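Structural overview for review
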Amino acid sequence: MKRDAFFDNAKIMLIFLVVFGHMIQPFTDGSRPMYTLYTWIYTFHMPAFIFLAGFFAKGSGHKDYILNLAKKLILPYLIFQLVYTGYFFFIGKDGWLSGPFYPHWSLWFLFSLFCWHILLYWFKKIPPIIGLAIAIEVGIVIGYVSDIGHSFSLSRTFVFFPFFLAGYWLTKEQVQKWRTRRLKEVSLVFMAVIAGLIAAFPEFSSGWLLGSKSYEVLGSPEMGGLFRLGVYVLAVLMTISVLAWVPSKEYKFTYLGGKTLYVYLLHGFFIQFFREAGWFKVNTILDVVGLAIVSAAIVYLLSSSAIQTLTQPVIEGRTQLMKKWWQRISGKNSTLQS
């Protein structure tokens, strides 16, 4: 089936923002412009990414489907959890020793993605509006559980599940309705207003956007549910606003949208090394542009055929690309010998 350029463009834009957001995070302390940029990105980039994951969710939850899902998501999670543990120790990162179900850094997404697919088994039997209402309610209530957090990625699993479920239920035609000229004009104003509000109120904690902490930890044990509901509304409006501007035209880089899992799993090796090495500083706007260029280079490198060929056995559990590469090499050798 031919890939849709709109969705691939959206995925490559969002994975770039994931990498860029991680690149600039160390420079947000004490810098209102950097904190504004970082927080603005986080109002939508993971909700939108998760929404797209739900849009392409398939399967009915039968035994074979669950086993294939575990092979595709849980096996790479366990492998990379071990690999990142060793890598963090090697580069001298604090907190390098972590249990198998306390996800290192960005690996929470794989564990949560597996759980979201499992939850679909029950939620797709419920009418969409009711199911979404239940998912949102659970996402709000879970914040009152003080012990919930990073373990098993439970907090993020429940907090972000409404976006995955919304992606599952919405159709391509419904998403295309977001792309009207009128909505694009309104979205520009809305996104600018949100950026201005973030800059005006830097005391707003970006922790509310991460979905990984209880309300008690975030400093609002009583009103946290109301704040999370507001964050949900913000994330929905920002996601619609951003996706409204994603082009449907196919570009030379569009194909990279089909390789975002490789970027997501592998970019941490670069980001964490840069953080420990302290190679970058942000003093001017040109420094920010430089970090954006480095982020784009990381995305391009990790999307390359060479990286995909080398890491496919670990990430996808397949050796298809490796076999093709070996066949080409063998064919060339045979030709030279003849």
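Summary of the structure given here.

Conventions used here
Residues numbered from 1 in each chain as written. Predicted model: local features only at pLDDT ≥ 70, side-chain atom pairs only at ≥ 80, totals over all residues. Heavy atoms only, no water. Helix = DSSP H or I, 4+ residues; strand = E, 2+ residues; numbered from the N terminus. Expected span 1.5 Å × (residues − 1). Buried < 20%, exposed > 50% of the residue type's maximum accessible area, 1.4 Å probe, protein only. Arc of directions from axis to C-beta. Polar contact = N/O pair within 3.5 Å; in protein donor to acceptor, adjacent residues only side chain to side chain. Phe/Tyr/Trp six-rings, centres within 6.5 Å; stacked < 30°, edge-to-face > 60°. Lys NZ or Arg CZ within 6 Å of the ring centre and 35° of its normal. Axes fitted to C-alpha atoms, helices over the stretch in contact; angles between N-to-C directions. Parallel < 35°, antiparallel > 145°, perpendicular 65-115°, else oblique. Left-handed = near helix turned anticlockwise from the far one by under 90°. Contact = heavy atoms within 4.5 Å. Nonpolar A, V, L, I, M, F, W, Y, C, P; charged D, E, K, R; others polar. 1 Å grid on protein atoms, 1.4 Å probe; cavity = no way out; pocket = protein on both sides within 12 Å on 5 of 7 lines; lining within 4 Å. Points joined across faces, edges and corners; volume = space filled by probe spheres on them. Core = buried A, V, L, I, M, F, W, Y, C linked by side-chain atoms within 4.5 Å.

**A short note on helix α13 (residues 285-302)**
- Between its terminal C-alpha atoms α13 stretches 26 Å, which fits the 26 Å expected from 18 residues at 1.5 Å a residue.
- Listed in full, the buried residues belonging to α13 are V288, L291, S295, I298, V299 and L302. Angular distribution of buried residues about the axis of α13 spans 100 degrees; they occupy a single face of the element. In α13, the exposed positions angled more than 90 degrees off the buried face are occupied by L286, I293 and Y300.

**Considering helix α1 (residues 5-24)**
- For α1, built from 20 residues, the straight-helix expectation of 28 Å at 1.5 Å per residue is met to within 8% by its first-to-last C-alpha distance of 28 Å.
- Most of α1 sits out of view: 18 of its 20 residues are buried.
- A side-chain oxygen of the first residue of α1 lies 2.9 Å from the backbone nitrogen of F6; this N-cap is D4.

**Observations regarding the packing of aromatic side chains**
- Counting across every chain of the model gives 38 aromatic pairs.
- Centroid distance W40 to F44: 5.2 Å. Interplanar angle 80 degrees. Geometry classified as edge-to-face.
- The structure contains a cluster of three or more aromatic residues connected by ring pairs, namely F49, W108, F109, W116, F123, F160, F161, F163, F164, Y232 and Y264.
- Stacked on the ring of F56, the Lys or Arg K11 has its end atom at 5.7 Å from the ring centre.
- It is K184 that lies over the ring of W245; its NZ or CZ is 5.5 Å from the centre.

**Some remarks on the packing of helix α9 (residues 181-200) against helix α11 (residues 224-243)**
- Between α9 and α11, whose axes approach to 9 Å, the crossing angle comes to 130 degrees. Judged on the interaxial angle alone, α11 and α9 are oblique. Pair α9 / α11 crosses with left-handed handedness. Contacts from L183, S187, F190, M191 and I194 of α9 reach α11 at L234, L237, M238, I240, S241 and V242.

**With respect to the packing of helix α3 (residues 45-55) against helix α7 (residues 154-169)**
- Closest axis-to-axis distance for the α3/α7 pair is 6 Å, and the angle between their directions is 45 degrees. What the angle tells us is that α3 and α7 run oblique. In this structure, the crossing between α3 and α7 has a hand that is right-handed. Contacts between α3 and α7 involve P47, I50, F51, A53, G54 and F55 on the former and, on the latter, F160, F163, F164, A166, G167 and Y168.
- Its residues assigned to classes, the contact of α3 with α7 comprises ten nonpolar, two polar and no charged.

**Comments concerning the layout of surface pockets**
- Quantified by volume, the largest pocket comes out at close to 1300 Å³.
- Among the secondary structure elements, those contributing two or more residues to the lining of the largest pocket are α1, α3, α4 (63-91), α5 (108-123), α12 (260-277) and α14 (305-315).
- When residues of the lining of the largest pocket are assigned to their parent elements, the largest contribution, six residues, is made by α4.
- Class assignment for the residues of the lining of the largest pocket results in 19 nonpolar, five polar and twelve charged.

**What about empty space enclosed by the protein?**
- With the rule as written, the count across this model stands at two cavities of 30 Å³ or more.
- Taken together, 14 residues form the lining of the largest cavity, with V159, F160, W208, L209 and V231 sitting closest to its centre.
- Of all elements in the fold, only α7, α10 (207-210) and α11 reach the threshold of two or more residues within the lining of the largest cavity.
- Per-element tally for the lining of the largest cavity: the top contributor is α11, with four residues.
- When the residues that make up the lining of the largest cavity are grouped by side-chain class, the tally is eleven nonpolar, two polar and one charged.

**Concerning the nonpolar core**
- If you look at the biggest cluster of nonpolar residues, it comprises 92 residues, and the most contacted ones within it are I50, F109, W116 and F164.
- Per-element tally for this core: the top contributor is α1, with twelve residues.
- In this view, W116 contacts I50, W108, F109, R156, T157, F160, F161 and F164; residues no more than four positions away in its chain are not counted.

**Comments concerning the environment of G143**
- Position of G143 relative to the elements: it lies in the loop between α6 (128-141) and α7.
- Given a relative accessible area of 2%, G143 falls into the buried group.
- Taking the C-alpha atoms as reference points, G143 and G211, separated by 68 residues in sequence, lie 8.5 Å from one another.
- Filtering out sequence-adjacent residues up to four positions away, G143 remains in contact with S214, Y215 and R228.

**Regarding the environment of T36**
- For T36, the position within the fold is in helix α2 (residues 32-42).
- Given a relative accessible area of 11%, T36 falls into the buried group.
- Between the C-alpha atom of T36 and that of L197, which follows or precedes it by 161 residues, the distance is 8.9 Å.
- Apart from the residues lying within four places of it in its own chain, the contact partners of T36 are A195, I198 and A199.

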